[in-house]
Every structure is written in C-alpha cells, then in structure tokens.
Amino acid sequence: MEEIEIIKPDDWHVHFRDNEILKAVVPETSRHFARSIVMPNLVPPILNAKQAIEYKKRIKKAIPSTDNFEPLMTIYLTEETNKKELKQAFNDEAVFAVKLYPAGATTNSDSGVKDIHKIMPVLETMAEIGMPLLIHGEVTDPNIDIFDREKVFIDEKLNSICKNLPELKITLEHITTKEATEYVKESNKNLAASITPHHLALNRNAIFVGGIRPHNYCLPILKREIHRNSLVDVAITGNSKFFLGTDTAPHTTHDKENECGCAGIFNATYCLPILAQIFDDNNSIKNLEKFISKNGALHYNLNINKEKIRLFKTPKNLFFKKFINVNEYKIKNFEPNFPVFWNISK
Ligand SMILES: [Zn+2]
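Residues numbered from 1 in each chain as written. Predicted model: local features only at pLDDT ≥ 70, side-chain atom pairs only at ≥ 80, totals over all residues. Heavy atoms only, no water.

A.B. asks: I'm lost on the nonpolar core in this one. Help?
C.D. replies: Across soluble globular proteins, nonpolar side chains show a tendency to be buried alongside one another. Formed by 99 residues in total, the largest nonpolar core has its most connected members in F16, L123, L158, L172 and L288. Among all residues touching L158, those that are not within four sequence positions of it are I135, F153, I170, L172, Y183 and L191. I37, A97, F243 and A297 belong to the second-largest nonpolar core, a separate cluster that totals 13 residues. (Core = buried A, V, L, I, M, F, W, Y, C linked by side-chain atoms within 4.5 Å. Buried < 20%, exposed > 50% of the residue type's maximum accessible area, 1.4 Å probe, protein only. Contact = heavy atoms within 4.5 Å.)

Set out below in structure tokens:
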C-alpha cells in the first residue's frame, strides 16, 4: 500500500449556499480542509461586512466540533461598492477578498458588474491595501460563443485590469483554457489562477455521453481535451501560480435535472482522492502538496497550515456514495469517468 503525508490543504473557492444546504455541505469541506474562501453569491448577495460577519456565523455553526476549519469571507463587488467601507472591512479582517462577477455570468450573478470602468476606483483602493480580487473570468455577451467566453474576457477585460493595476493581487478563478494557463504563466507575479477538480478530470464530451449529462454542466463550461491537458500540465508540475479552488457548488438534483438545469458541480466529498489519482496517473504525486496545500497560501500571503493529512492508495477502487441528503432533497456527488484508488486516512 502506498501512503503519503502532506500539509493539510485549503480550498480557495467554495459555495456553501445557506440554510439547510449550508448545514449539509459545510462538513464535507471542513472535514479535509483547513481554510476556504467562501463565495458571496447568495440570494441576495453578501454586499458588506455586516452581512459577511452574519454569514460567517451561520457557517461556523455548521462546522462539526471535531473539525478545525476557518472560512474566509468575501464581498460581492457591484458598481455601488463603497471603497471606504471596503477598506474598513478588510482592516477589521471581517472580509478577506472581493469577488467580481460580470453581470449574468453564473448562478446568482445578476447584480454583478456591467462596466469595468465603474469599479476601477474600488480596485485601486484594493491594490493599495493589498486586498485580493477574485474574478469569474467570462464575458456575458450572448453573441460570444459559450466556449470562447473565458478567452475573450482575458483579451478584453483582464488584460487591461492587469496592465493598469499590476500591484493588485488577482485570482483568475476556475480557469478552463490553454489561453488562460498561458496568460497567467506570462503575467506579473500578482496574477494567479485556481483550477477545479472537474476541469482537470473531464473534457466537454462528458456533458454529452449517451445523452445530456446535467451533473457535468458547470460554468465556465467544460472545454476541449487540449485545454484540459494544459490545465493538468500546470497543476502537476507544481507551478506556483496555480492552485486548487474546487468551486464545489451544490444544487439539488431537482434543480440540476430540469428543463433549465442549474450550473455547478458538487465535488467537496471526494475532491482530494480524485486529485491524488490525477496526479498519480501523471507520475506527479510529489507535486500534489504544492497544488492543494502550498501555492494558494503563498499567493494570498498566508501561513502554510501546520496540520498534516495522510492519503493512501489501495488495490480496490474507491466506492463513491452517490448523494448527500438535504431533507427530502438530494445533492449528487461528483464522480469522474475513471477509477480512483486513493483515499484519505481517518
Ligand atoms: Zn464558483
């Protein structure tokens, strides 16, 4: 049996939602991770420090007493975000980062930013105080092909933000394309990117295997194999500009298997075994720790976690529990299209 011990990982992008779903999904993350950046796209969104503090309290209540887990809170950037209040929230450590959603880009992003110019003064303040900007990097113009929206965002929006504010710490989140990996690799040191387990595991064919597969539908949408390969390359080599952000995003099966199914993949439960398998399949298990436990903390100027976790590999593949239950509803666990032989030691 093969076994590795690594620094306890962090998940730099999670959706906990609220109420009953929150209670069901928080333990799936807090069990394995030390810290997570929590997305603010509730209905209505988290717009200020007061709401972030209240939301954090609800999350903390859902953490089992056996888990040592710290949620890092974010604010949803709008064209009305007040820079004085934001600075105060950051200095008080009520809020860790700011999330930029282009209006309409994904689940609950209707209040997002329409005109980047209008938020530049806020971004300048963030650059001054060292507050990170997290970006959902897709344009929302319906005339742009859904598979091209990330690339167009980089060319038309991100590039000018990076050029105008090179001191601003930016995370281009859940990247999906070769263009994104190349742009981030070549950009200044303050731009890094997160990558999800599902974009490392699947290409876009997975949405259409034998029929439509709503549980493999997410935004940004899965891309061609050439893009998946470029994500795997930067992850397995341990490049310090790339790190894990699972984008675990629970929806009930009712909302996914629907005439207009929601975007999002719930992967919190098995993300670490899946990632270990991908790294192992590419003879790079030695770099897993960089991707899931070191590179993100480095980017955010945080300490590396002190605790360790152990992962082991067995001859028999891991059994995936299909669902987690939320009252009468179910949330489907993400399962890749290859066997996973790794698991986490209790
Ligand atoms: Zn997300």
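And the narrative resumes.
A.B. asks: Any chance you could explain unusual backbone geometry here in plain terms?
C.D. replies: Among all residues save glycine, negative phi is the norm, and among peptide bonds the norm is trans. In this structure, P44 follows V43 across a cis peptide bond, with omega equal to -5°. You can see P44 is positioned in the loop between β3 (35-38) and α2 (49-62). Positive phi is not limited to glycine here, since N283 has a value of about 50°. Along the chain, the position of N283 falls in the loop between α10 (271-281) and α11 (288-299). For N283, a relative accessible area of 68% puts it in the exposed group. Positive phi values are uncommon outside glycine, yet N301 reaches one of about 55°. For N301, the position within the fold is in the loop between α11 and β11 (308-313). Exposure remark for N301: the relative accessible area of 62% places this residue in the exposed category. (Helix = DSSP H or I, 4+ residues; strand = E, 2+ residues; numbered from the N terminus.)

A.B. asks: I'm lost on empty space enclosed by the protein in this one. Help?
C.D. replies: Taken as a whole and judged by the stated rule, the model has two cavities of 30 Å³ or more. If you trace the largest cavity, you find 18 residues lining it, with H15, T106, L219, D247 and A249 closest to the centre. Here the residues of the lining of the largest cavity are counted per class, giving six nonpolar, nine polar and three charged. Of the pockets and cavities examined, the second largest cavity occupies roughly 40 Å³. (1 Å grid on protein atoms, 1.4 Å probe; cavity = no way out; pocket = protein on both sides within 12 Å on 5 of 7 lines; lining within 4 Å. Points joined across faces, edges and corners; volume = space filled by probe spheres on them. Nonpolar A, V, L, I, M, F, W, Y, C, P; charged D, E, K, R; others polar.)

A.B. asks: Honestly, the sheet that holds strand β10 (residues 242-244) in this entry has me stumped. Any pointers?
C.D. replies: The pairing of strands in a sheet comes from backbone hydrogen bonds and takes either a parallel or an antiparallel form. Overall, parallel pairing links the six strands, which are arranged β5-β6-β7-β8-β9-β10 in an open sheet. Looking at which strands have only one partner, the edges of the open sheet turn out to be β5 (74-76) and β10. Averaged over all pairs of adjacent strands, the angle between strand axes in this sheet comes to 30°, irrespective of strand direction. Two strands pair when backbone bridges link them, and strand β7 (residues 133-135) and strand β8 (residues 170-172) are joined in this way by three bridges, in the parallel orientation. The partner of I135 across the bridge, within β8, is L172. Lying on the sheet, helix α5 (residues 149-164) is in contact with β7, β8 and β9 (191-195); it crosses β8 at an angle near 170°. Sheet contacts for α11: β8, β9 and β10; angle to β10, the most-contacted strand, approximately 120°. (Pairing = 2+ DSSP bridges. Axes fitted to C-alpha atoms, helices over the stretch in contact; angles between N-to-C directions.)

A.B. asks: Please clarify how the coordination of the zinc ion should be interpreted in this entry.
C.D. replies: Note on metal sites: the ideal angle is 109.5 degrees for four tetrahedral donors, and 90 or 180 degrees for six octahedral donors. The protein atoms that coordinate the zinc ion are H13 (NE2), H15 (NE2) and D247 (OD), at distances spanning 2.1 Å. Motif for the zinc ion, donor spacing along one chain: H-x1-H-x231-D. When sorted by exposure, H13 lands in the same class as H15, which is buried. (Donors = N, O, S within 2.8 Å, 3.2 Å for Na, K, Ca; no water.)

A.B. asks: When you look at the packing of aromatic side chains in this model, what are you seeing that I'm missing?
C.D. replies: By convention here, two paired aromatic rings are described through the distance between centres and the angle between planes. Taken as a whole and assessed by the stated rule, the structure comprises seven aromatic pairs. Between F96 and Y300, the aromatic rings sit 5.4 Å apart at their centres with planes inclined by 65°, giving edge-to-face as the arrangement. Here F96 is found in the loop between α3 (83-91) and β6 (97-100), whereas its partner Y300 is found in the loop between α11 and β11, with 204 residues between them in sequence. As far as the burial class goes, F96 and Y300 line up, both buried. Here Y270 and F320 contribute two aromatic rings whose centre-to-centre distance is 4.5 Å and whose plane-to-plane angle is 50°, an arrangement assigned as tilted. Within this pair, whereas Y270 is found in the loop between α9 (253-256) and α10, its partner F320 is found in the loop between β11 and β12 (323-326), the two being separated by 50 residues in sequence. When its relative accessible area of 12% is taken as the criterion, Y270 is described as buried. The residue whose ring lies beneath R204 is F147, and the NZ or CZ to ring-centre distance is 4.6 Å. Of note, K330 hangs over the ring of F323, and the distance from its end group to the ring centre comes to 4.3 Å. (Phe/Tyr/Trp six-rings, centres within 6.5 Å; stacked < 30°, edge-to-face > 60°. Lys NZ or Arg CZ within 6 Å of the ring centre and 35° of its normal.)

A.B. asks: Is there a simple way to explain helix α4 (residues 116-129) in this structure?
C.D. replies: An α-helix turns once per 3.6 residues; consequently, residues spaced three or four apart project the same way. Along its 14 residues, α4 runs 20 Å from first to last C-alpha, staying within 8% of the 20 Å computed at 1.5 Å per residue. V122 marks the point of greatest bend in α4, at about 35°. Turning to α4, its buried residues are I116, I119, M120, V122, L123, T125, M126 and A127. One or two steps after α4, the chain reaches G130, where phi turns positive at roughly 80°. (Expected span 1.5 Å × (residues − 1). Bend = angle between axes of the 7 residues up to and from the residue.)

A.B. asks: So what exactly am I meant to see when it comes to the pairing of β3 here?
C.D. replies: For a regular strand, side-chain orientation follows a simple rule: the groups alternate between the two sheet faces. The side-chain alternation of β3 yields two buried faces, one formed by R35 and I37 and the other by S36 and V38. Relative to β3, strand β2 (residues 11-14) is paired through two bridges, and the arrangement is parallel. If you follow V14 over to β3, its bridge partner there is V38. A crossover links β2 with its parallel partner β3, the connecting element being helix α1 (residues 19-30), and its sense is right-handed. As judged from the three bridges shared by β3 and strand β4 (residues 70-72), these two strands associate in the parallel manner. Opposite S36, over in β4, you have P71 as the bridge partner. (Right-handed = clockwise from strand over helix to strand, strands pointing away.)

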